[in-house]
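Chain and residue survey
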Amino acid sequence: MINGSPRKNGSDTVVCNAIAEMAKGFDYESELIYVNDLDIKGCQACMACKKTGKCVQKDCMNDMIGKIKDVDMVLFAMPVYFGAESAQMKMFIDRLYPIFKEMGTVPDMGRLKKASVVATCGAPDGHMTYGSIISRYMHVLKSMGIVDVSGAVLPGAEPDTILEKEFVKDFLSSVEFQLEM
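Along every chain, residues carry numbers that run from 1 in the direction the sequence is written. Totals for whole chains, interfaces and linings use all residues, but because this is a predicted model, local features are given only for residues with pLDDT of at least 70 and pairs of side-chain atoms are given and counted only at 80 or more. Where side-chain values are given, they derive from all heavy atoms of the structure, hydrogens and water being excluded.

Quick notes on the pattern of salt bridges
For the record, the criterion: Criterion for a salt bridge: a side-chain nitrogen of Lys or Arg within 4 Å of a carboxyl oxygen of Asp or Glu. The secondary structure listing takes helices from DSSP runs of H or I that are at least 4 residues long and strands from runs of E that are at least 2 residues long, numbered from the N terminus.
Inspection of the entire model under this criterion finds nine salt bridges. Here Glu21 ties to Lys24 by a salt bridge, and the two come within 3.1 Å at their closest N and O atoms. Taken together, the residues span about one helical turn, with Glu21 and Lys24 both in helix H1 (residues 11-24) at a distance of three residues. The partner of Glu31 in a salt bridge is Lys67, with the nearest N and O atoms 3.0 Å apart. In this pair, Glu31 is assigned in the loop between H1 and strand S2 (33-34) and Lys67 in helix H3 (residues 61-69), connecting sequence segments 36 residues apart.

Quick look at the structure:
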C-alpha cells in the first residue's frame, strides 16, 4: 500500500489499515509505505529511462518499482489537497515513468495484476467534485496492463469516523471482491 499522505494518523492510514486487516483474511501479506518517508526526487524528464528501463536518479524509486512489480495487488491512497492528489503522491506516480520503456506498448508488470486507488477529502461532496483524480489514476494503471482496478473518493473524511461512512463501506467491499478473485 502506497500512502501519499504526510499524516501518518490520517484518514488514508485508517483506510489502509482496514484493508490490511481484510487482506490477512485472504492470506495476503501487506506493507504500508509512506511516500513522505521515502527519499525521492521529482522526475527530471531526461528520458534516460527510455533507454535503460531504469531511472538514473540515485534514490529509492527503482527499488520501489521493483517492489510494485513483485506484488499481487497495490493500493494507492492519498488525500485531496487543493483539488488534486497530494504533492507526495504526484511525485511518486510521475516517477513510475521508467515502467513505460516503450510508449504505446503494455509494460511487463510482473506479478501485479490488481490495483485500487482511494482519495480522501474533507469536502462532504468530494466524491462528485474530485472524481477526476480517480479517473486519471485508473487510466494510468490500466495503461500499465492492470485491468482489475477499483477506486473511490471518500468524502467527509475524519480519521475517527471514516470507517462508519457508507461510501467507505462500499469501497472496502469492492477491494474485498478484488482480494477474493
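Focus on the side chain of Ser150
Threshold: For the exposure calls, accessible area comes from a 1.4 Å probe over protein chains only, and a residue counts as buried if that area is under 20% of its type's maximum, exposed if over 50%, partly exposed in between. N or O atoms closer than or at 3.5 Å make up a polar contact, with two conditions inside protein: a donor-capable atom paired with an acceptor-capable one, and, for residues adjacent in sequence, both atoms drawn from side chains. Throughout, a residue-residue contact means that at least one pair of heavy atoms, one from each residue, lies within 4.5 Å.
Of note, Ser150 is situated in strand S6 (residues 148-154). Judged by relative accessible area, Ser150 falls into the buried class, the value being 10%. Side chain to side chain, Ser150 and Gln178 meet in a polar contact 2.6 Å long. The contacts of Ser150, once residues within four sequence positions are left out, are Ala115, Ser116, Val117, Met138, Phe171, Ser174, Val175 and Gln178.

Let's talk about the pairing of strand S5 (residues 114-120)
Defined as follows: Two strands qualify as a pair provided that DSSP identifies no fewer than 2 bridges between them.
Of all seven residues making up S5, seven are buried, and the element is well covered by its neighbours. The alternating pattern of S5 places Lys114, Ser116, Val118 and Thr120 on one face and Ala115, Val117 and Ala119 on the opposite face, and all of these are buried. Two strands pair when backbone bridges link them, and strand S3 (residues 73-81) and S5 are joined in this way by seven bridges, in the parallel orientation. The residue bridging Met73 from the neighbouring strand is Lys114, located in S5. Direction of pairing for S5 relative to S6: parallel, over a ladder of seven bridges. Counterpart to Thr120 in the pairing with S6 is Leu154.

Thoughts on the packing of aromatic side chains
Put simply, the rule is: Each pair of aromatic rings taken from Phe, Tyr and Trp, with Trp reduced to its six-membered ring, is defined by centres within 6.5 Å and is described as stacked if the planes are under 30 degrees apart, edge-to-face if over 60, and tilted in the remaining cases. By definition, being over a ring means that NZ of Lys or CZ of Arg is both within 6 Å of the ring centre and within 35 degrees of the ring normal.
Applying the stated rule across the entire model yields one aromatic pair. If you follow Lys8 out to its NZ or CZ, it ends over the ring of Tyr34, 5.1 Å from the centre. Looking at Lys50, its charged tip hangs above the ring of Tyr97, at a distance of 3.7 Å from the centre.

Things to note about H3
As a reminder of what qualifies: In this context, the arc is that of the directions from the helix axis out to the C-beta atoms.
Every buried residue of H3 is accounted for by Met61, Met64, Ile65 and Ile68. Looking down the long axis of H3, one finds its buried residues gathered within 100° of arc, a one-sided arrangement. The inward-facing, buried residues of H3 abut strand S1 (2-3), S2 and helix H4 (87-94).

Topic: the pairing of S3
The element S3 is extensively covered by neighbouring structure, given that seven of its nine residues are classed as buried. Pairing analysis gives two bridges linking S1 to S3, with the strands arranged parallel. Looking at the pairing, Ile2 lines up with Phe76 of S3. The hairpin turn running from S3 into strand S4 (residues 84-85), its antiparallel successor, is two residues long, and Phe82 in that turn takes a positive phi close to 50°.

Overview of the state of the cysteines
Applied cut-off: We call a pair of cysteine sulfur atoms a disulfide whenever their separation is within 2.5 Å.
What the rule picks out here adds up to zero disulfides. Looking at Cys43, it has no disulfide partner, and the nearest cysteine sulfur is the one in Cys49, 6.6 Å off. Classification of Cys43 by relative accessible area gives partly exposed; the value is 40%.

A closer look at the packing of H1 against helix H7 (residues 166-180)
The following threshold applies: To obtain an axis, a line is fitted to C-alpha atoms, over the contacting stretch when the element is a helix, and the angle between two such axes runs from 0 to 180 degrees between their N-to-C directions. Take the far helix as the reference: if the near one is turned anticlockwise from it by less than a right angle, the crossing is left-handed, and if turned clockwise, right-handed. All residues other than Ala, Val, Leu, Ile, Met, Phe, Trp, Tyr, Cys, Pro, Asp, Glu, Lys and Arg, Gly among them, are scored as polar; the first ten of these are nonpolar and the last four charged.
Where H1 contacts H7, the axes come no closer than 10 Å and their chain directions differ by 35°. Note that H1 runs across H7; the crossing there is right-handed. Counted together, Val15, Ala18, Ile19, Met22 and Ala23 of H1 and Phe171, Leu172, Val175, Glu176 and Leu179 of H7 form the full contact between these two elements. Looking at the contact of H1 with H7, its residues break down into nine nonpolar, no polar and one charged.

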